[in-house]
Amino acid sequence: MSDHRIRVLRDDEHRAAMDLFRASLHLKPAEDQEWTRAAGAFQPGRTLGAFAGDPGTLIGTARSLDSELTVPGGRTVPLAAVTGVGVRADRTRRGVLTDLMRTQFADFAERGVVAATLHASEAVIYGRFGYGVGTLARGCTIDRTRARLRPEVPAGGEVRLLDGDAAFDVLSAAYPALRTRPGMMARPAHWWTWARAVAGRGDEPTSIAVHQGPGDIDGFVVYTVTRPRTGSAVLRVDDLHAATAEAFAGLWRFLLSVDLVDEIRLGERALDEPVELLVTDPRVCTVTEVADETWLRLLDVPTALAAREYYGDPLVIEVTDPAIPANTGGYVVGPDEVRRTDAPPALRLGVDALAMIYLGAWRPSQLVQTGRAQAAGADAVAAADRLFSTRTPAWCGTFF
Ligand SMILES: CC(C)(COP(=O)(O)OP(=O)(O)OC[C@H]1O[C@@H](n2cnc3c(N)ncnc32)[C@H](O)[C@@H]1OP(=O)(O)O)[C@@H](O)C(=O)NCCC(=O)NCCS
């Protein structure tokens, strides 16, 4: 029998959950001022606590935000953005996270949530719960001192800096039109509260600039300039979205013009973002990392499969999901229909592997090649690659 129990936390318990999470990341508890700014980031009723003993000490926590996921083809499905996962260091490896995950899944199922997503601190934690890498992203640095824009780069429109807290209201109004890729998520009001809190907590000021399109704002960048070494300054891009080529070029023209900056640092950007093509010497852009960006858990496989678009001929795939047995079974998957079937499968895979091909982060052939999926033959592998191909590489672009 487990020595802990799980329940939904009340709003007045959220601060304890945040401090427990911070402690699990080896961070100090939030100061009063920080908590005042961050409290609104907790969506009521979405934070779980694990308690041990009597009357009960909080030993673990996990929370989520209600959101929506854009899937290949442009439809959206209800999404839970999972965050704030931590277990007290003296209570780890006793199944606390396992119970938190199980309780979350039950809650998500009850509310009709189709998928869950998270950023993982370590890549070995979440696969066992049916999460797979849903999106990949890259980090780069740009040597600003050597970066010169190529002459054919679009001129771009006007870029202007916004002042004060109201700047985030402008961004939250502009963001939905910029959410164009598979893998991107809706940013609920609680997320914007968190973004404001993060922007206000460092010593350096966070700047916000928007790109004016022909009608509305069609791009923005949030950045922070830090001075890690004497005499050199780094402009860290915290958030950047552009709906058009003009907006992308305009925002980069602006970023490269910011004075007293030696290096521009980008983290978790879309793999196909053509920053190096903007400059005369593409080697001023150094890719520092390509890694998992978000992990995806398909909670309702039939609904998730039916939501995205497909290419080529229908195939039968067989999915195994020990944690949510209703997902287990065969599915005919094709451009015109998705339905359950008992027919022999062309591709067999676990629900975590399905998450890896669902948004297009990996191809079925790569999973077969590495033993993560089994195919009925070479033709089945080629057909599966075509079926699950995507027009645009997936990217989330939202940290939570
Ligand atoms: C990651 C964390 C939440 C796991 O909590 P936990 O209560 O120890 O997890 P569980 O006991 O339920 O573990 C379930 C299984 O996952 C494994 N596991 C859990 N965390 C792991 C880790 N960091 N590395 C390797 N394996 C891990 C356990 O060994 C266990 O495997 P088993 O069933 O074969 O024994 C906890 O270690 C923690 O708080 N870490 C620091 C903060 C952090 O990284 N949070 C996650 C943010 S995304």
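Residues numbered from 1 in each chain as written. Predicted model: local features only at pLDDT ≥ 70, side-chain atom pairs only at ≥ 80, totals over all residues. Heavy atoms only, no water.

(A) Seen up close, the site of the ligand. In the region of the ligand, 20 residues are neighbours, and Val87, Arg93, Thr98, Ser121 and Glu122 sit closest. Contact between the ligand and Arg128: an oxygen atom at 2.9 Å from a side-chain N or O atom of the residue. Here the ligand loses 73% of its free accessible area of 890 Å² to cover by the protein chains. Among the secondary structure elements, those contributing two or more residues to the shell around the ligand are strand E4 (76-87) and helix H3 (96-110). Broken down by class, the residue content of the shell around the ligand amounts to 9 nonpolar, 7 polar and 4 charged. (Near = heavy atom within 4 Å. Polar contact = N/O pair within 3.5 Å; in protein donor to acceptor, adjacent residues only side chain to side chain. Areas by Shrake-Rupley, 256 points an atom, 1.4 Å probe, with all protein chains shown as cover. Helix = DSSP H or I, 4+ residues; strand = E, 2+ residues; numbered from the N terminus. Nonpolar A, V, L, I, M, F, W, Y, C, P; charged D, E, K, R; others polar.)

(B) Representation of the packing of aromatic side chains within the structure. Summed over the entire model, instances satisfying the criterion amount to 10 aromatic pairs. Centroid distance Phe105 to Tyr131: 6.4 Å. Interplanar angle 40°. Geometry classified as tilted. Residue Phe105 is located in helix H3, and its partner Tyr131 is located in the loop between strand E5 (115-118) and strand E6 (132-143); the two are separated by 26 residues in the primary sequence. For the pair formed by Phe105 and Tyr131, the shared burial category is buried. Centre to centre, the rings of Tyr126 and Tyr131 are 5.7 Å apart; their planes meet at 70°, and the pair counts as edge-to-face. Residues Tyr126 and Tyr131 agree in their burial class; the two are buried. Taken together, Phe168, Tyr175, Trp191, Trp192, Trp194 and Phe399 form an aromatic cluster joined through their ring pairs. Above the face of the Phe42 ring, Arg63 is positioned so that its terminal group lies 4.1 Å from the ring centre. Directly above the ring of Tyr175 sits Arg187, whose terminal nitrogen or CZ lies 4.2 Å from the centroid. (Phe/Tyr/Trp six-rings, centres within 6.5 Å; stacked < 30°, edge-to-face > 60°. Buried < 20%, exposed > 50% of the residue type's maximum accessible area, 1.4 Å probe, protein only. Lys NZ or Arg CZ within 6 Å of the ring centre and 35° of its normal.)

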